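Report on the structure
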Protein chains: 2
Amino acid sequence: MNTPSHSSGLQLRSTITSGGQLVLDLVPVETPAPAADEVVVRVEAAPLNPSDIGLLFGAADLASVQCSGTPQSPIVTATVPQGAMRSMAARLDQSMPVGNEGAGVVIAAGSSDAAQALLGKKVAVLAGAMYSQYRCVKVEQCLLLPPDASVAEGASSFVNPLTALGMVQTMRREGHKALVHTAAASNLGQMLNRICLKDGIALVNIVRKPEQVEVLRKQGAVHICSTASPTFMEDLTQALVATGATIAFDAIGGGKLAGQILTCMERAISSSAKEYSRYGSTTHKQVYIYGGLDMGPTEIQRNFGMTWGMGGWLLFPFLQSIGPEAVQTLKQRVARELKTTFASSYTRVVSLAEALQPEAIAIYGQRSTGAKYLINPNL
Amino acid sequence: MNTPSHSSGLQLRSTITSGGQLVLDLVPVETPAPAADEVVVRVEAAPLNPSDIGLLFGAADLASVQCSGTPQSPIVTATVPQGAMRSMAARLDQSMPVGNEGAGVVIAAGSSDAAQALLGKKVAVLAGAMYSQYRCVKVEQCLLLPPDASVAEGASSFVNPLTALGMVQTMRREGHKALVHTAAASNLGQMLNRICLKDGIALVNIVRKPEQVEVLRKQGAVHICSTASPTFMEDLTQALVATGATIAFDAIGGGKLAGQILTCMERAISSSAKEYSRYGSTTHKQVYIYGGLDMGPTEIQRNFGMTWGMGGWLLFPFLQSIGPEAVQTLKQRVARELKTTFASSYTRVVSLAEALQPEAIAIYGQRSTGAKYLINPNL
């Protein structure tokens, strides 16, 4: 067994106090010696995914962010609105580590062959608490990166790639032949577009800004509808007629979009209906909400018959439902196509301390396409 | 083969014209001679269920109802708002018969033994077009009524009883142990309450008016929550803690109630949670919308984690999914318990012509609990 070369490192923590304050700080944590099937990773790249940002800030009001402490050891505070405190009840006064995934170099390994085989290698890790300088993790939580991939290129090997692959697999498993995706110009959306182009699956991309139409068009996307267009509903219906898509994955959640997708699906289906049915078409139409870019209420105008479903979709229950072997197959595809299909891009690389600067939070906190940050905890 | 004793009879028809007018009238239709496996029924009782009222008036504005014609042959007209015409496209200018179910006496029968066995008997029928004086239907669409049941008692043998039984069966099939029902003081709701009391299933009844609490209380209901109460959310959460219900059937559809049920389910589940999960509990929470008493938008405040579903639920696809043998078992139970568990009550019995009087429409058109009409086409 190798002894870790660093016995402790900094870790980013998020706490929401019973008093209604969010506190973010950097705390030194011990790095445990690895057990037989564990390795210690020096984390050099961890993305700020929307799901991480959700845990990081909780229900705090980002307009109230204040920074104190020192440049090396900043402390961020913000106010959690009273009405949102109930949803935070289960995490109150707990100092929580953040960061679902990341990548780095294995600097110590346990005694097992599998652990020893990773020593000195670049690995992607899905283990939580990745906004840390060092992480002791199980070998099975690691994915060996291809030799020509950088640690930054491997940082987002799990959440976005497996989510995009999971959407395609869910579409197939539930008997649909094409799919719809919202916030389609995101890193995840661009990845899904590349998967669908490669695998010959029809995809309807919904974006919110006209300039995002061009981003996707240049990447070969065929069906792109902008909610900013006055002809959005007609455009979407036409794309649904052309593709036959009857399942959608929605990252936005709030507002009217999820319901509008069902409305346009029903219009597309009934455009070829032979007779009137008072309960609408008998084709099942499904929208899965997998994100909450708009945390406001979801408003559904039920003008699409009775054969529909809406619900939450999450990566981890999906992975559990397909079983470890199928997950392994998906991960191997990600490793093989890491620099092509599953490539990610970032606006900026920041250190742990820089990630706690109000200027940085004001940008990546928007969780908007084109404002994605990567943390290098060892910068 | 017997010749029908009446060669024609009146039938209620609903038409929505391309010009945006609803027209209801009574038209004489020929009664066909029954084929071997058919019988002719003299219809004497057919309920005005919410689903019938939906087909009868379509998207017409009930405030614009006008009556012309003669007392024996009235003609009702009403205006369909321009914005709602798209949803009516598939039925425009079609003269549609109405009435899912009813009951009557078999006055002619085809040559088969099964048909002959029904001659002179009282039967319940699920065949559509039941707002008719005579209906020629297949034997398999009939349910022989118990000798001590009146035709009026048999009029609602299918839609409400099979829907209530279908809810309980759906609850079991999808792995839930208790259920929630809205508009719970309706005929259907009272029936569901009797089924649950008899079968030992915990039921949470949601009503909209304080006086409906008493109606259900007198019938032995244990958990009754009124949306009119200022403590509705707390009451519902407590009832969900007590019952463990994680599936709901909602007749209302519009407004906030469907989402509030998910919110309270999540609160009830997480009241015993051991640790914080940023995605909420992992217990699946489901609301099925099976009616549209409120046709306005459904507004969902997504504060109940990611493990949830909402969707449409309809009787006929459910019956198809369980297969003919299981359906037969359900129907036999309905016949056995017609005067107890599956008893219905009506505010008033009207003739076909009386059902087209503006005063009658103003009452049963509300589709509200305690304003349920029964049509006797041979009155």
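You'll find the structure just up there.
Since this is a predicted model, take the numbers as computed values, not measurements. (Residues numbered from 1 in each chain as written. Chains lettered and ligands numbered in written order. Predicted model: local features only at pLDDT ≥ 70, side-chain atom pairs only at ≥ 80, totals over all residues. Heavy atoms only, no water.)

With respect to the interface of chain B and chain A
Interface size, as often reported, equals the accessible area lost upon joining of the parts. Contacts between the two partners involve 37 residues from chain B, matched on the other side by 38 residues from chain A. For the pair chain B and chain A, the summed buried surface comes to about 3200 Å²; carbon and sulfur atoms form 58% of the total. Summed over the three residues of chain B that lose the most area to chain A, namely B:Y276, B:R302 and B:M306, the buried surface amounts to 24% of that side. Here chain B is connected to chain A by zero salt bridges. Residue assignment for the side of chain B that touches chain A shows that the elements contributing at least two residues are α1 (50-57), β15 (253-255), β17 (294-300) and β18 (308-312) of chain B. Considering every element that reaches the side of chain B that touches chain A, the biggest residue donor is β17(B), with seven residues. Looking at the side of chain B that touches chain A, its residues break down into 17 nonpolar, 13 polar and seven charged. One ladder, built from three bridges, connects strand β18 (residues 308-312) of chain A with β18(B); its direction is antiparallel. Among the inter-strand pairings, A:M310 is bridged to a residue of β18(B), identified as B:M310. (Contact = heavy atoms within 4.5 Å. Buried area = accessible area lost by both parts, 1.4 Å probe. Salt bridge = Lys/Arg side-chain N within 4 Å of Asp/Glu carboxyl O. Helix = DSSP H or I, 4+ residues; strand = E, 2+ residues; numbered from the N terminus. Nonpolar A, V, L, I, M, F, W, Y, C, P; charged D, E, K, R; others polar. Pairing = 2+ DSSP bridges.)

Section: the relation of the copies chain B and chain A
The second copy of the chain is related to the first by a rotation about an axis and a shift along the axis. Least-squares fitting of chain B to chain A yields an RMSD of 0.0 Å, with the transformation described by 0.0 Å of translation along the axis and a rotation of 180 degrees. Taken together, these values place the two copies in the relation of a two-fold axis. When you check the interface residues of chain B against chain A, 100% turn up at the interface there too, and the contact is symmetric in its surfaces. (Least-squares fit on C-alpha atoms with pLDDT ≥ 70 in both.)

A few points about the sheet that holds strand β1 (residues 8-16) of chain B
Residue and element names in this part refer to chain B. Pairing is antiparallel across the open sheet formed by five strands, whose spatial order is β4-β5-β2-β1-β6. Two strands close off the open sheet at either side, each with one partner strand: β4 (66-69) and β6 (96-97). Relative to strand β5 (residues 74-79), β4 is paired through four bridges, and the arrangement is antiparallel. Paired with C67 across the strands is V76, a residue of β5.

Topic: helix α5 (residues 187-199) of chain A
Residues and elements named next belong to chain A. Here α5 contains 13 residues, and its C-alpha end-to-end distance of 18 Å stays within 8% of the 18 Å for a straight helix at 1.5 Å per residue. Along α5, the residues classified as buried are N187, L188, G189, Q190, M191, L192, N193, I195 and C196. Packed against the buried residues of α5 are α4 (159-173), β11 (178-182), β12 (202-207), α6 (210-218) and α10 (324-336). Looking one or two residues beyond α5, the residue adopting positive phi is G200, at roughly 70 degrees. (Expected span 1.5 Å × (residues − 1). Buried < 20%, exposed > 50% of the residue type's maximum accessible area, 1.4 Å probe, protein only.)

Considering the sheet that holds strand β15 (residues 253-255) of chain A
Spatially, β15(A)-β17(A)-β17(B)-β15(B) is the arrangement adopted by the four strands of the open sheet, whose pairing is mixed. The sheet is open, and its two edges are formed by β15 of chain A together with β15 of chain B, each paired on a single side. This sheet shows a mean twist of 50 degrees between the axes of neighbouring strands, independent of strand direction. Note: β15(B) against β17(B), two bridges, orientation parallel. Directly across from B:G253, in β17(B), lies its bridge partner B:D294. (Axes fitted to C-alpha atoms, helices over the stretch in contact; angles between N-to-C directions.)

Comments concerning the side chain of A:T163
Residues and elements named next belong to chain A. Mapped onto the elements, T163 comes out in helix α4. Assessed through its relative accessible area of 7%, T163 is described here as buried. The contact partners of T163, leaving out residues within four places of it in the chain, are F158, L188, Y290, W313 and L315.

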